[in-house]
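Overview (structure and organization)
What follows is each chain in one-letter form.
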Amino acid sequence: IIALLWAASFSMTTQATPILRYDITYKAHYLECAILMNDKTVFNTARLDSLFPQRVNYSHGITQYVDEGLNKIDVRVADAVYFLINEKAEEAYCSVTVTALEAAIKEDLPKKREVLHLNFTLKEIEDQEGNKKPIVVTEGSRLHGKPISEESILLLSSREKDIYADGSVIIKYSTYDYQTMLEQKADLSWVNRSTPIQDTPAIRELALAKYREISQAIEHEAWDELKELLEPGLSEMAALKFMSREAYFDELREQVFNGLVTRANYAGWKADVFDPDSYKFAIYANGKLFEFYHLRLNEASPTSWTKDGRRAWFSPVLTLINGEVKVGAM
């Protein structure tokens, strides 16, 4: 839901200081892939209706997950198309592009530059016995417009899956890692003020309490209370969109919260009861960000409602500041 907001036009107003914003664009075609930014999933073709994505092309902001200094992007790809729809294997790709947009004082438009482009495709090779098999190649990858050697994109892990449980088709899922230095000018609270956490029962309970407060504020249309519950992420995301806090909240209310209120108060829609076996507690950015997400619908937080198997949700990412759980990103 929130990703749709980033597809809106990039509006510009005069800023007191330059703002640096990072966007990510992912394109996928016939290649299963998942993309993580500092361990936070930003895209996964497993969430799509089709096993093999066709002409997926989407962009949204990732500034809220960018730390000052070294950042990592992990991409997991699978070679399933080679075995299951082999006539399409040569067309398969997954590409990830990170773009920086910087707006300086009195400029009408932000300056845009490509930071990173990772490109994954399949290539057929033949072993010594003459058997053909696919390998993943990263030809065409770039850093600041210059080619990246394949050796610098590290293979983190690889696992195999016996599709038919008879050894006839073995699909390989490989995760690649690339790390690069990024500048952070947004002065995000979680970057500079957050206390890194450990996974403890106490932290989990504080997180769940925060989700409950947000859910109740949405259901009761307590908008002023909700604004406070979403800080500091609300104000910081507004700044990244070159909008005032009020204007950004109004946009969220129109595009997200009003729909959730309708569902929360409409006959048949019920607030989800938290089931710890259905959710994963995930920690990102060296302990500075964390969230619960649903194991089947990775975008869905405990702030969600369900009717007839359909689910609607709002999923903020949390942080710990001065001992209190806050919203760090949305």
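Higher on the page you've got the structure.
Description of the structure in this document. Since we're looking at a predicted model, the values are computed, not measured. (Residues numbered from 1 in each chain as written. Predicted model: local features only at pLDDT ≥ 70, side-chain atom pairs only at ≥ 80, totals over all residues. Heavy atoms only, no water.)

**A look at the packing of aromatic side chains**
Let me state the cut-off plainly: Whether two aromatic rings pair depends on their centres lying within 6.5 Å, for rings of Phe, Tyr and Trp, where Trp uses its six-membered ring; planes under 30 degrees apart make the pair stacked, over 60 edge-to-face, and the rest tilted. Secondary structure elements follow DSSP: runs of H or I no shorter than four residues count as helices, runs of E no shorter than two count as strands, and numbering proceeds from the N terminus. Only protein chains enter the accessibility calculation, which uses a 1.4 Å probe. A residue is then buried if its area is under 20% of the maximum for its type, exposed if over 50%, and partly exposed in between.
Enumeration according to the criterion identifies 13 aromatic pairs in this entry. Their ring planes at 25° and their centres at 6.2 Å tell us that Trp 223 and Phe 257 sit as a pair that is stacked. Pair noted here: Trp 223 is in helix H5 (residues 223-229) and Phe 257 is in helix H7 (residues 245-265), with a separation of 34 residues, a long-range link. Using a relative accessible area of 10% as the deciding quantity, one classes Trp 223 as buried. Looking at Phe 257, the relative accessible area reads 0%, which means it is buried. Between Phe 274 and Phe 292, the ring centres sit 5.1 Å apart and the planes meet at 75°, which makes this aromatic pair edge-to-face. In this pair, Phe 274 is assigned in the loop between strand E13 (270-271) and strand E14 (279-284) and Phe 292 in strand E15 (residues 289-294), connecting sequence segments 18 residues apart.

**Topic: the sheet that holds strand E16 (residues 304-307)**
Rule in force here: Think of it this way: DSSP has to see at least two bridges between two strands before they count as a pair.
Taken in spatial order, the three strands line up as E13-E16-E17 in an open sheet, and their pairing is antiparallel. Either end of the sheet is taken by a strand with one partner, and the two such strands are E13 and strand E17 (310-313). In the sheet, E13 pairs with E16 via two bridges, with the strands oriented antiparallel. Its bridge partner lying in E16, Ala 271 is registered against Trp 305.

**Quick look at the nonpolar core**
Counted only if it meets this: Within this scheme, the nonpolar core is defined by two criteria: the residues are buried Ala, Val, Leu, Ile, Met, Phe, Trp, Tyr or Cys, and they are joined through side-chain atoms within 4.5 Å. Pairs of residues are marked as contacts when any of their non-hydrogen atoms sit within 4.5 Å.
Grouped together as the largest cluster of nonpolar side chains are 94 residues, with contacts concentrated most on Leu 118, Leu 230 and Phe 257. Setting aside residues no more than four positions away along its own chain, Phe 257 makes contact with Ile 218, Trp 223, Leu 226, Leu 230, Phe 249, Leu 252 and Phe 314.

**Focus on a nonpolar patch on the surface**
Selection criterion: For patch detection, residues must exceed 30% relative accessible area and be free of salt bridges, and they are connected within 9 Å for like charges or within 5 Å for nonpolar side chains (Val, Leu, Ile, Met, Phe, Trp, Tyr). To measure how exposed things are, a 1.4 Å probe is used in the Shrake-Rupley method; for residues, cover is taken only from the protein chains shown. Salt bridge criterion: a side-chain nitrogen from Lys or Arg within 4 Å of a carboxyl oxygen from Asp or Glu.
On the surface, Leu 51, Phe 83, Leu 84, Ile 163 and Tyr 164 cluster together into a nonpolar patch covering about 430 Å² of accessible area. In this fold, Leu 84 is placed in helix H2 (residues 80-84).

**Quick notes on unusual backbone geometry**
With an omega of 0°, the peptide bond running from Glu 231 to Pro 232 counts as cis. Residue placement: Pro 232 occurs in the loop between H5 and helix H6 (233-240). Phi is positive for Arg 55, which is not a glycine, with a value near 55°. By secondary structure assignment, the location of Arg 55 is in the loop between strand E3 (40-44) and strand E4 (56-61). Located in the positive-phi region is His 144, a residue other than glycine, with phi close to 50°. By the secondary structure assignment, His 144 is in the loop between strand E9 (142-143) and strand E10 (146-147).

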